[in-house]
Amino acid sequence: MGKSGSIFTSYLLISFAVLAGNGDLEIQLINKNKIELTPGSTSNIVIMLINNSETAKEFHLKINTPKGWSQITDYTSVIVEKASKKLKIFSFYIQESTKVGDYTIYIDA
């Protein structure tokens, strides 16, 4: 299949345990489906940060992509106002030399 082949990527969220102890903070993956990607292309992961508390909260986020992939966006720190939601898009580039296979992307919060 070579460079014209497809890459199957599944998104697995880890470290998304309740951050505030009582469920005031949540992180949701918008599209949970396995997707097909092409080497040499860019792709996105959309997440929603939810703050149900009565004060603004800071989320510390880190995305871990497979070796050789380049992260385009970086949201190491995101502040979400009280009782609100915020969408964030993580973009990454898939190197043309990436082999066909299943890959997992981890988002730590």
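Procedures and definitions
Residues numbered from 1 in each chain as written. Predicted model: local features only at pLDDT ≥ 70, side-chain atom pairs only at ≥ 80, totals over all residues. Heavy atoms only, no water. Helix = DSSP H or I, 4+ residues; strand = E, 2+ residues; numbered from the N terminus. Contact = heavy atoms within 4.5 Å. Polar contact = N/O pair within 3.5 Å; in protein donor to acceptor, adjacent residues only side chain to side chain. Pairing = 2+ DSSP bridges. Phe/Tyr/Trp six-rings, centres within 6.5 Å; stacked < 30°, edge-to-face > 60°. Buried < 20%, exposed > 50% of the residue type's maximum accessible area, 1.4 Å probe, protein only.

## So, the environment of T73
For step 1, the next point in the chain: With respect to the secondary-structure elements, T73 resides in the loop between β7 (70–71) and β8 (77–80).
For step 2, the next point in the chain: Expressed as a C-alpha distance, the spacing of T73 and F92, which sit 19 residues apart in the sequence, is 7.2 Å.
For step 3, the next point in the chain: Filtering out sequence-adjacent residues up to four positions away, T73 remains in contact with I89, F90 and S91.
For step 4, the next point in the chain: Within polar-contact distance, the side chain of T73 engages the backbone nitrogen of S91 at 2.8 Å.

## Some points on the sheet that holds strand β4 (residues 42–51)
For step 1, the next point in the chain: Overall, antiparallel pairing links the four strands, which are arranged β2-β4-β9-β7 in an open sheet. Strands at the two margins of the open sheet, each flanked by one partner only, are β2 (25–29) and β7.
For step 2, the next point in the chain: Pairing geometry for β7 and strand β9 (residues 84–93), over two bridges, is antiparallel. Directly across from Q71, in β9, lies its bridge partner F92.

## Describing the packing of aromatic side chains
For step 1, the next point in the chain: Throughout the structure, instances matching the rule amount to two aromatic pairs.
For step 2, the next point in the chain: Residues W69 and F92 carry aromatic rings whose centres are separated by 5.5 Å and whose planes lie at 15° to one another, so their mutual orientation is stacked. Pair noted here: W69 is in the loop between β6 (62–64) and β7 and F92 is in strand β9, with a separation of 23 residues, a long-range link.
For step 3, the next point in the chain: Residue W69 is classed as buried on the basis of its relative accessible area, which comes to 7%.
For step 4, the next point in the chain: The buried category is assigned to F92, whose relative accessible area is 0%.
For step 5, the next point in the chain: When the centroid spacing of 5.4 Å and the interplanar angle of 45° are considered together, the rings of W69 and Y103 count as tilted. Of the two residues, W69 sits in the loop between β6 and β7 while Y103 sits in strand β10 (residues 102–108), which places them 34 residues apart along the sequence. With respect to burial, W69 and Y103 carry one shared label: buried.

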